[in-house]
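Take a look at the letters that make up each chain.
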Amino acid sequence: MSTKLYQTSGRFKSLLFVIAILIIGYLLYYTQNMVQKLRAEARQIMEFYAQFYARAADDATGAELNFIFEEIIKRTDFPIVLSSAEDEPIGWKGTEYDPTDFSEKNLSDVRKLMNAMKKEIDPIPIKYGDIVLAKLYYGDSKSIRQLQWLPYVEIFIVSLFILVGFFGFNSIRRSEQQFIWVGMAKETAHQLGTPISSLMGWTEVLKQRDLGSDQQKILEDMQQDISRLDKVAKRFSKIGSKSDLQEQDFDEIVPSVLHYFERRLPQMGKKVRLEFENSFKKRVPFNPDLMEWVFENLIKNALDAIDNAQGRIAIVVAPSEHRKYRVMVDIIDNGRGMDAQARKNVFKPGFSTKKRGWGLGLSLARRIVEESHHGRLLVKETQPGKGTTMRIYL
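Notes on the structure follow. (Residues numbered from 1 in each chain as written. Predicted model: local features only at pLDDT ≥ 70, side-chain atom pairs only at ≥ 80, totals over all residues. Heavy atoms only, no water.)

Turning our eyes to something else, we now look at the packing of helix 6 (residues 250–268) against helix 7 (residues 288–305). Running from N to C, helix 6 and helix 7 cross one another at 40 degrees; their axes reach a closest spacing of 10 Å. Helix 6 and helix 7 meet at a crossing whose hand is right-handed. Residue-level inspection shows F250, I253, V254, S256, V257, L258, F261, L265 and M268 of helix 6 in contact with helix 7, the latter providing P288, M291, E292, F295, E296, I299, K300 and L303. In the contact of helix 6 with helix 7, the residues fall into 13 nonpolar, 1 polar and 3 charged. (Axes fitted to C-alpha atoms, helices over the stretch in contact; angles between N-to-C directions. Helix = DSSP H or I, 4+ residues; strand = E, 2+ residues; numbered from the N terminus. Left-handed = near helix turned anticlockwise from the far one by under 90°. Contact = heavy atoms within 4.5 Å. Nonpolar A, V, L, I, M, F, W, Y, C, P; charged D, E, K, R; others polar.)

In structure tokens:
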């Protein structure tokens, strides 16, 4: 059920992403299409003015032609440069250059502007018959330029809004999840505390009795199980609290965890060889109770994944290959392995490949390693049918 939920969630996100791309594409296409239409209309207007100017040139005086350029053509909402037939600027408007400044520097800048305009839009020749009297260079109007940039501005603003909303929502959701997670853990520890204390008291009472050897063995097993329950309760009580990290050696905790599982392997009906190798003979700061919990979760997952007649789980401690960390621990099994989809979702709360799994073990293990110990837990490698290697950095 949870696997299907995560697969559906992933597909839904992909669908939303594709829809967003299509909307952006259509918005850009629509805007650019509008820009081309406006450019065509602008060119028609400029061609009309050019023809009007050319016809007037037949019998108008210089002053009248100047009036046509100054009072009619210049009133358009386009950056315009009127040049001679030899491409020397005669007049200009709607540009960043002073139209009254005919210094060589200003003329040079206007020539560069004419070249830039020519690359975008071909100039309109002003002809009298077959004679080119002048050329009319023009660019996009302010409205067209604004329209060109409008979709990009809209996309940026919407993307920024979505990004802020996404991070804000995720932050709130993580805070709520953390609060619920911590609250449930501490409440569980509180609820377990009273019956565990009571059971400890009763076992102490029974120890004072004269019991037979079989009963004494049962009592010892009961005490071990109660101690185990007490350790579990203490682990839950430490969730969300500031971790008490102490310099520890892996040789002090890993063998005891493996021994715990070795005692239970016959009940599981599995033949699994548990191995431990430590080439990092230094102490590392970690919380032993919480780190034991991490190893137990990882080994339990590895055991559940092993279907082979001869299973193998190895814990290998070595100096870290990563500069940021001092030590790395690999938990290697020869179980079923994971496909790409399972590997992607394996640390998500609620995701499980087991029919009766709650999907909390690996999520809890990662929280302990990364939040309580500032380390890292990841899937180093996995292949369907060939096993999995989980890696812890500390």
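One open sheet holds the 5 strands; their spatial order is 6-8-9-11-10, and the pairing between them is mixed. Edge positions in the sheet fall to strand 6 (272–278) and strand 10 (376–383), since each of these pairs with one other strand and no more. Geometrically, the sheet is characterised by an average inter-axis angle of 15 degrees between neighbouring strands, direction not taken into account. Helix 6 contacts strand 6, strand 8 (311–319) and strand 9 (327–333) of the sheet and is inclined by roughly 175 degrees relative to strand 6. Across the sheet, helix 9 (residues 361–372) is in contact with strand 10 and strand 11 (387–393); its angle to strand 10 comes to roughly 135 degrees. (Pairing = 2+ DSSP bridges.)

Attention now moves to the sheet that holds strand 2 (residues 89–93). Ordered in space as 2-1-4-3, the 4 strands form an open sheet in which the pairing is antiparallel. The sheet is open, and its two edges are formed by strand 2 and strand 3 (124–128), each paired on a single side. Averaged over all pairs of adjacent strands, the angle between their axes in this sheet comes to 20 degrees, without regard to strand direction. Examined bridge by bridge, strand 3 and strand 4 (residues 131–138) share 5 bridges and lie antiparallel to one another. In the sheet register, I126 faces strand 4, and the bridge partner there is A134. Lying on the sheet, helix 3 (residues 104–120) is in contact with strand 1 (80–84), strand 2 and strand 4; it crosses strand 2 at an angle near 75 degrees.

Glancing now at the pattern of salt bridges. This structure, assessed with the given rule, holds 15 salt bridges. Salt-bridge contacts for E321 lead to R391; the nearest nitrogen and oxygen are separated by 2.9 Å. You can see E321 sitting in the loop between strand 8 and strand 9 and its partner R391 sitting in strand 11, a full 70 residues away along the chain. Each of E88, E104 and R111 takes part in salt bridges that share partners, so that together they form one network. (Salt bridge = Lys/Arg side-chain N within 4 Å of Asp/Glu carboxyl O.)

The next point concerns the side chain of D333. Inspection of the secondary structure puts D333 in strand 9. Notably, D333 is buried but unbridged: the nearest opposite-charge side chain belongs to R312, and the N-O separation is 8.8 Å. A polar contact of 2.8 Å, which involves the side chain of D333, links it to the backbone nitrogen of G335. Those residues in contact with D333 that lie beyond four places of it in its chain are A302, I306, R312, I313, K386, G387 and T388. (Buried < 20%, exposed > 50% of the residue type's maximum accessible area, 1.4 Å probe, protein only. Lys, Arg positive; Asp, Glu negative; His and termini not counted. Polar contact = N/O pair within 3.5 Å; in protein donor to acceptor, adjacent residues only side chain to side chain.)

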